[in-house]
Amino acid sequence: MSWVTKTLSSTLGRKLIMALTGLFLILFLTGHVSGNLLLFKNDGGEAFNIYAKFMTTNPAVKLLSYLTYISVIGHVIYSIMLSSKNKSARPVGYSVSKASTNSSFASRNMGVLGTIVLLFLIVHMQSFWYEMHWGDLPIKTYDGEQYKDLFSIVSFAFQNELMVGGYVIAMGFLSFHLSHGFASAFQTLGLNHKKYTPAIEALGKFYSIVVPVLFASMPLYIYFTQS
């Protein structure tokens, strides 16, 4: 067994993979939410459709997409492996004090939160990503060039109360997941310093609120303005 295999199969190696894939997914979320802000533009979906075509046809973006898929799969697999190892190492629950006095809700339930976010991601990709790539979408023409009208699919989906409610709730779970995962990733990478750690933790809390709120505001905006 090579040193690479030994490292990746160790607890430290698994945590390192979790940290690196987590930070990459945070970068992805930042870019994704930035692009999706075009849903707020009052132009009938033109800017959003142009953006959607660019994101699915540009070679560099497609490469980043593959890296994102790999990161999601790796993050999930290593999360399951770490959770399983932690449970097997501590088959009997702690009998002293309440867990809430020693750790946050998010840190105690990262596996559960991550699973809920994963289920949401599957539904999200089936509803929009799959439709954009292989669905029978209507076509819009802007300046003589044809674009798939993904905006119409998004608008239709977010006129459904269950879809909107589920999306908003899922963003709440994402917020909890990020609130611990952001700072934890930096800690795993050894980026701890009494001067910088408080700033990283503050940035993590800010990010874990702002990004999910922005995502949640999109279906709400569409529901209340286009229903």
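Refer to the preceding data block for the structure.
First, a word on scope: everything that follows refers to the structure included in this document. (Residues numbered from 1 in each chain as written. Predicted model: local features only at pLDDT ≥ 70, side-chain atom pairs only at ≥ 80, totals over all residues. Heavy atoms only, no water.)

**Side note on the pattern of salt bridges**
In step 1: The final tally for this structure, using the stated rule, is one salt bridge.
In step 2: One salt bridge in this structure joins glutamate 145 and lysine 53, with 2.9 Å as the shortest N-O distance. In this pair, glutamate 145 sits in strand 2 (residues 145-148) while lysine 53 sits in helix 3 (residues 46-57), placing the two residues 92 residues apart along the sequence. (Salt bridge = Lys/Arg side-chain N within 4 Å of Asp/Glu carboxyl O. Helix = DSSP H or I, 4+ residues; strand = E, 2+ residues; numbered from the N terminus.)

**Details of unusual backbone geometry**
In step 1: With phi around 55 degrees, aspartate 143 is a residue other than glycine that occupies positive phi space.
In step 2: Checked against the element boundaries, aspartate 143 lands in the loop between strand 1 (139-142) and strand 2.

**Brief notes about the nonpolar core**
In step 1: Ranked by internal contacts, the top residues of the largest apolar core, which has 35 residues, are Val154, Met171 and Phe215.
In step 2: Of all the secondary-structure elements, those providing two or more residues to this core are helix 2 (11-36), helix 3, helix 6 (110-134), helix 7 (150-157), helix 8 (161-188) and helix 9 (197-226).
In step 3: No other element matches helix 8, which puts nine residues into this core.
In step 4: Aside from chain neighbours lying at most four places away, what touches valine 154 is Leu39, Phe48, Phe128 and Ile222. (Core = buried A, V, L, I, M, F, W, Y, C linked by side-chain atoms within 4.5 Å. Buried < 20%, exposed > 50% of the residue type's maximum accessible area, 1.4 Å probe, protein only. Contact = heavy atoms within 4.5 Å.)

**What about helix 9?**
In step 1: Taking 1.5 Å of rise per residue, 30 residues should cover 44 Å, and helix 9 covers 44 Å from first to last C-alpha, within 8% of that figure.
In step 2: Listing the buried residues of helix 9 in full gives Thr197, Ile200, Gly204, Tyr207, Ser208, Val211, Pro212, Phe215, Ala216, Met218, Pro219 and Ile222.
In step 3: Residues of helix 9 that are buried make contact with helix 2, helix 7 and helix 8. (Expected span 1.5 Å × (residues − 1).)

**Some details on the pairing of strand 1**
In step 1: Sheet analysis places strand 1 next to strand 2, joined by four bridges and oriented antiparallel. Bridge assignment links isoleucine 139 to a residue of strand 2, and that residue is lysine 148.
In step 2: Between strand 1 and strand 2, which pair antiparallel one after the other, the connecting turn spans two residues, and aspartate 143 there sits at a positive phi close to 55 degrees. (Pairing = 2+ DSSP bridges.)

**A short note on a nonpolar patch on the surface**
In step 1: Taken together, the side chains of Leu63, Leu64, Tyr66, Leu67 and Ile70 define a hydrophobic patch exposed on the protein surface, amounting to about 510 Å² of accessible area.
In step 2: Among the secondary structure elements, leucine 67 is positioned in helix 4 (residues 59-89). (Patch = residues over 30% accessible without salt bridge, like charges linked within 9 Å, V, L, I, M, F, W, Y side chains within 5 Å. Areas by Shrake-Rupley, 256 points an atom, 1.4 Å probe, with all protein chains shown as cover.)

**Quick look at the environment of glycine 135**
In step 1: Along the chain, glycine 135 falls in the loop between helix 6 and strand 1.
In step 2: On the basis of relative accessible area, glycine 135 is assigned to the buried category, the value being 19%.
In step 3: The spatial distance from the C-alpha of glycine 135 to the C-alpha of leucine 150 is 9.7 Å, given a sequence separation of 15 residues.

**Here we look at helix 8**
Structural remark: α-helix, 3.6 residues per turn; residues separated by three or four positions point the same way.
In step 1: Between its terminal C-alpha atoms helix 8 stretches 40 Å, which fits the 40 Å expected from 28 residues at 1.5 Å a residue.
In step 2: Residue leucine 178 marks the point of greatest curvature in helix 8, where the axis turns by about 30 degrees.
In step 3: Inspection of helix 8 places Val164, Tyr167, Ala170, Met171, Leu174, Ser175, His177, Leu178, Phe182, Ala185 and Phe186 among the buried residues, and these make up the whole buried set.
In step 4: Its side-chain oxygen at 2.8 Å from the backbone nitrogen of leucine 162, asparagine 160 defines the N-terminal cap of helix 8. (Bend = angle between axes of the 7 residues up to and from the residue. Polar contact = N/O pair within 3.5 Å; in protein donor to acceptor, adjacent residues only side chain to side chain.)

**Some words on the packing of helix 6 against helix 7**
In step 1: Running from N to C, helix 6 and helix 7 point in directions that differ by 155 degrees, and their axes come no closer than 10 Å. Compared by their axis directions, helix 6 and helix 7 come out roughly antiparallel. In the crossing of helix 6 with helix 7, the sense of the turn from one axis to the other is right-handed. Only Leu150, Ile153, Val154 and Ala157 of helix 7 make contact with helix 6, whose side of the interface consists of Ser127, Phe128 and Met132.
In step 2: In terms of residue class, the contact of helix 6 with helix 7 is made up of six nonpolar, one polar and no charged. (Axes fitted to C-alpha atoms, helices over the stretch in contact; angles between N-to-C directions. Parallel < 35°, antiparallel > 145°, perpendicular 65-115°, else oblique. Left-handed = near helix turned anticlockwise from the far one by under 90°. Nonpolar A, V, L, I, M, F, W, Y, C, P; charged D, E, K, R; others polar.)

**Notes on the packing of aromatic side chains**
In step 1: Applying the stated criterion across every chain, the model contains 14 aromatic pairs.
In step 2: Judged by centre distance (6.5 Å) and plane angle (65 degrees), the ring pair of phenylalanine 48 and phenylalanine 151 falls under edge-to-face. You can see phenylalanine 48 sitting in helix 3 and its partner phenylalanine 151 sitting in helix 7, a full 103 residues away along the chain. Summarising the burial analysis for this pair, phenylalanine 48 and phenylalanine 151 share the class buried.
In step 3: With a centroid separation of 5.1 Å and 85 degrees between ring planes, the pair formed by tyrosine 223 and phenylalanine 224 is classed as edge-to-face.
In step 4: According to the relative accessible area criterion, phenylalanine 224 is exposed, its value standing at 65%.
In step 5: For the cation-ring pair, lysine 53 lies above tyrosine 147, with the distance from its terminal atom to the ring centre recorded as 4.7 Å. (Phe/Tyr/Trp six-rings, centres within 6.5 Å; stacked < 30°, edge-to-face > 60°. Lys NZ or Arg CZ within 6 Å of the ring centre and 35° of its normal.)

Any functional reading would require information beyond the geometric quantities listed.
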